[in-house]
Amino acid sequence: MTKPSASSLVAWRDRFSLRWRLPLLLAAITALTVTAFGVVAYRTVRASTLEAASARLRSTVTQINTIAELGAIGQVDLLRTAAADPAIAQAIAHPHSPVPAAAVMAMTRLQGTGEVPGVVELLAADGSRRAVLPESSAALPSSPPAPFPIAAEIGALFLQDGALAFTSRSAVVVDGAVIGGIQVTRRLAAHGGPNRRIVTNILGPSAVLLIGNADGTLWNGTHPVAYPMASESPVRYRRDGTDWISVAMRAKGTPWLYAVELPETVALAPAHALVQPFIFTGLAVALAGALLGLHVMRRITGPLSDLTAASEAVARGDRDVPLGDLTRRDEIGRLARAFQTMAASVRGEQERLVSEVGSRTAELASAVTRQQELDDELRRSERFATLGKISGNVSHELRNPLGVMSNVVFLIDQLPDASPQLRDYSRMLREQIRLSERIISDLFDRARSGAMAVSVDVAALVDELIARIDLPPGIRLTRQIPAGLPAAVLDRDRVGQILWNLMTNATQAMRAGGGGVLTIAATIADDRLRFEISDTGPGIPAEDADRIFEPLYTTKSEGVGLGLSISRAFARAAGGDLRLERTGPAGTTFVLELPAR
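Here the residue numbering is sequential within each chain, running from 1 through the sequence in written order. Restriction of local features to residues with pLDDT of at least 70 applies here, the model being predicted, together with a cutoff of 80 or more for giving and counting side-chain atom pairs; totals for whole chains, interfaces and linings are based on all residues. Values shown for side chains rest on all heavy atoms present in the structure; no hydrogens or waters enter the calculation.

**Side note on the side chain of Asn 195**
And then number 1: Looking at the element boundaries, Asn 195 is found in helix α5 (residues 193-203).
And then number 2: Other than its neighbours up to four places away in sequence, Asn 195 contacts Ile 64, Ile 67, Leu 209 and Tyr 258. Secondary structure elements are defined from DSSP: runs of H or I of at least 4 residues count as helices, runs of E of at least 2 residues count as strands, and each element is numbered from the N terminus. It only takes one pair of heavy atoms within 4.5 Å for two residues to be counted as in contact.

Given below as structure tokens:
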């Protein structure tokens, strides 16, 4: 059997060296950390994006329903007025007489002047036609006899000559008897008309407007569409290989049903846009962690390899073993000096044992035993020193690559010819860097301090925030906290950060409006702690009030729009909530509620 050479043994052992294993371990931990938080961030953004898309769908359907309901009301009023017109009754009661001019005028009003004029028919009780407008429709077959509703009503949608149409009818009553009725048949505008334009303007060209009846028969233009059970709540389903999300709503006063659907891929486009930058960021952070870990490990394992070789030389009996890094002031230097002292002691013992080999056999055995103990202690010291060094440098080494990336983002922002897309990527990267730094801080703070919920003097916490804030001229601060307010058990740092964000936003709003009053109030009732942050600024526009808690939505020239979103997430994670209670020309009020225990 061939004996392995010394070089092959060294190469085999080097595979298990810390200089390779620890950098790979750091890179793996960094990649797993970035991946885990990326998955959490994506799921959060995905849920928020779907919720926002559902809200837009519901708003769009509401607008379309409002237009349909107003049109139905107008049609019913015109029918009711025409049915009560004596000229209409005369035209129906005297079929062989010319249609009175007043009756023609009433029929013209019912016909309308819109994009698609209707066909107006005066019918006898047996369904025979007495008059029709326009006269070109006289060739149409008469309607089958059917009871006319006393109150005017709108009929269901149906297909007529390749277009959607509906019929509205009303009875004509004379002396308490139904002598006939009025029937108006009207086609809907092609391709949805103004309703389709509303859907396109709000949701984009990918959105689809469906029109139909409450029984579930819906059309996309003139093509019938399979649709799940109608609900005003968002519905998600799959049709023809495409995932859809939609909202349906019935128009009051009619049997009609409107639904708006949007491809799920379009609704989730903002969330998908975050995936690629996050992947590149994670790969860069993992690579930087591996390179920095390799550099640090070489600084540690190089001297340790020298000490290991010196130990092996001493074990072989060598007396003069050169040692480096004796001037280092860290644990490696201390270990080298301790080893040198130990080696010198061993050499003295060996010299003394050579001269006293006969009489000092027992002492020699004791010295060997002591040497073995010192070797064990040395190995333990090496392991503890390595672990201590790693623990002390983890935070610093993780923040270094983030600092480098922050500098790169700053340089990108300074480029005068940077494209808008590059600046968008720069903004997203800057936000991810900030989130990563906050994650690192939270991890190490939690590792050092344990539980975050402590008993907090609420008044003292508010006073501390007031002392920190720098109010511009023209802004006055009012504090409304009752005396003797009991302490509350909460996460002081998180709650303080939420209040600070709200106070800063209020100050910025009033600064833009020329000044005002910032009011901070706190109360505790029924084991609920309630903060109110109010200002007398210009308020939040109505179109922004429903979106200010969305991630990445902001109306400021600076910032990324995550402050209110993260603050609400913190509040809800603690069992409370953050909401906008009042906004308008007189100012804005935000309310933060948390469990007091």
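**Looking at helix α12 (residues 458-468)**
And then number 1: Working definition: with a 1.4 Å probe on protein chains only, accessible area under 20% of the residue-type maximum means buried, over 50% means exposed, and in between means partly exposed. Buried residues of α12: Val 458, Ala 459, Leu 461, Val 462 and Leu 465, and no others. When α12 is viewed along its axis, its buried side chains cluster within an angular range of 160 degrees and face the same direction.
And then number 2: The N-capping residue of α12, defined by a side-chain oxygen 3.2 Å from the backbone nitrogen of Ala 459, is Asp 457. The directions considered for the arc are those from the helix axis to the C-beta atoms. Definition of a polar contact: a pair of N or O atoms within 3.5 Å, with one able to donate and the other able to accept a hydrogen when the atoms are protein atoms, and with sequence-neighbouring residues admitted only if both atoms are side-chain atoms.

**Side note on the pattern of salt bridges**
And then number 1: Note on definitions: salt bridges are taken to be side-chain nitrogens of Lys or Arg within 4 Å of carboxyl oxygens of Asp or Glu. The final tally for this structure, using the stated rule, is 13 salt bridges.
And then number 2: Close ionic contact of Arg 492 with Glu 464 constitutes a salt bridge, the shortest N to O distance being 2.4 Å. Linking Arg 492 in helix α13 (residues 492-513) with Glu 464 in helix α12, this pair joins segments that are 28 residues apart in sequence.
And then number 3: Assessed through its relative accessible area of 30%, Arg 492 is described here as partly exposed.
And then number 4: You can call Glu 464 partly exposed: its relative accessible area is 37%.
And then number 5: Across the pair Arg 530 and Glu 593 runs a salt bridge, and its minimum N-O distance is 3.1 Å. Here the residue Arg 530 occupies a position in strand β16 (residues 528-535), and Glu 593 occupies one in strand β18 (residues 587-595), the gap between them amounting to 63 residues.
And then number 6: Residues joined by salt bridges that share partners form a network here, namely Arg 530, Glu 532, Arg 579, Glu 581 and Glu 593.

**Overview of helix α3 (residues 86-93)**
And then number 1: Three or more residues of α3 are buried, namely Ala 87, Ile 88, Ala 89, Ala 91 and Ile 92.
And then number 2: If you check the start of α3, you find a side-chain oxygen 3.0 Å away from the backbone N of Ala 87, and it comes from Asp 85.

**Considerations on the sheet that holds strand β15 (residues 516-525)**
And then number 1: If DSSP finds at least two bridges between two strands, the strands pair. Strand order in this open sheet of 5 strands is β13-β15-β16-β18-β17, and the pairing throughout is mixed. Across the chains shown, the open sheet's two edge strands, defined by having one partner strand only, are β13 (475-480) and β17 (577-584). Shown here is a sheet whose adjacent strand axes are inclined to one another by a mean of 15 degrees, direction ignored.
And then number 2: Of the pairings in the sheet, the one linking β13 to β15 comprises 6 bridges and is parallel in character. Bridge pairing in β15 places Leu 477 opposite Leu 518.
And then number 3: Set on the sheet, helix α15 (residues 563-573) makes contact with β17 and β18; between it and β17 the angle comes to about 130 degrees. In this analysis an axis means a line fitted to C-alpha atoms, helices contributing only their contacting stretch, and an angle means the value between N-to-C directions, from 0 to 180 degrees.

**Some details on the packing of aromatic side chains**
And then number 1: Side-chain rings of Phe, Tyr and Trp (the six-membered ring for Trp) are treated as a pair once their centres are within 6.5 Å; stacked means planes under 30 degrees apart, edge-to-face means over 60, and tilted covers the remaining angles. If you walk through the whole model with that rule in mind, you get 2 aromatic pairs.
And then number 2: Arranged with centres 5.7 Å apart and planes meeting at 75 degrees, the rings of Tyr 227 and Tyr 237 form a pair that is edge-to-face. Separated by 10 residues along the polypeptide, Tyr 227 in the loop between β8 (223-225) and β9 (235-239) and Tyr 237 in strand β9 bring together distant segments of the chain.
And then number 3: A residue is classified by how much of its surface remains accessible, and Tyr 227, at 14% relative accessible area, is buried.
And then number 4: Definition used: whenever NZ (Lys) or CZ (Arg) falls within 6 Å of the ring centre and also within 35 degrees of the ring normal, the charge is taken to sit over that ring. One cation-aromatic arrangement involves Arg 468 over Trp 500; the distance from NZ or CZ to the ring centre is 4.3 Å.
And then number 5: Here the guanidinium or amino end of Arg 494 rests over the ring plane of Phe 570, the centre of that ring lying 4.2 Å away.

**Describing the nonpolar core**
And then number 1: We define the nonpolar core as a collection of buried residues of types Ala, Val, Leu, Ile, Met, Phe, Trp, Tyr and Cys that are connected through side-chain atoms lying within 4.5 Å of one another. In this structure, Ile 88, Leu 122, Ile 182, Tyr 258 and Val 260 are the most contacted members of the largest nonpolar core, which totals 48 residues.
And then number 2: It is helix α2 (residues 18-83) that contributes the most residues to this core, 11 residues altogether.

**Details of unusual backbone geometry**
And then number 1: Looking along the chain, the bond that leaves Leu 133 and enters Pro 134 is cis, with omega of 0 degrees.
And then number 2: Tracing the backbone shows Pro 134 in the loop between β2 (129-133) and β3 (153-160).

**Describing the confidence of the model for the chain**
And then number 1: pLDDT is a residue-level measure of predictor confidence that goes from 0 to 100. Per-residue pLDDT for the chain has a mean of 77; in total, 74% of the residues score no lower than 70.
And then number 2: The spread of mean pLDDT over the elements of the chain runs between helix α1 (residues 6-14), the lowest at 48, and β16, the highest at 92.
And then number 3: For the stretch residues 442-451, pLDDT sits under 50, and the model shows 5 contacts to residues farther than four places along the chain or on other chains.

**Looking at the environment of Arg 236**
And then number 1: You can see Arg 236 is positioned in strand β9.
And then number 2: Put simply, Arg 236 and Glu 261 are 25 residues apart on the chain and 9.3 Å apart in space, counted from C-alpha to C-alpha.
And then number 3: Setting aside anything within four residues of it in sequence, one finds Arg 236 in contact with Arg 46, Leu 50, Trp 244, Ile 245 and Glu 264.
And then number 4: Of the polar contacts made by the side chain of Arg 236, one reaches the side chain of Glu 264; its length is 3.0 Å.

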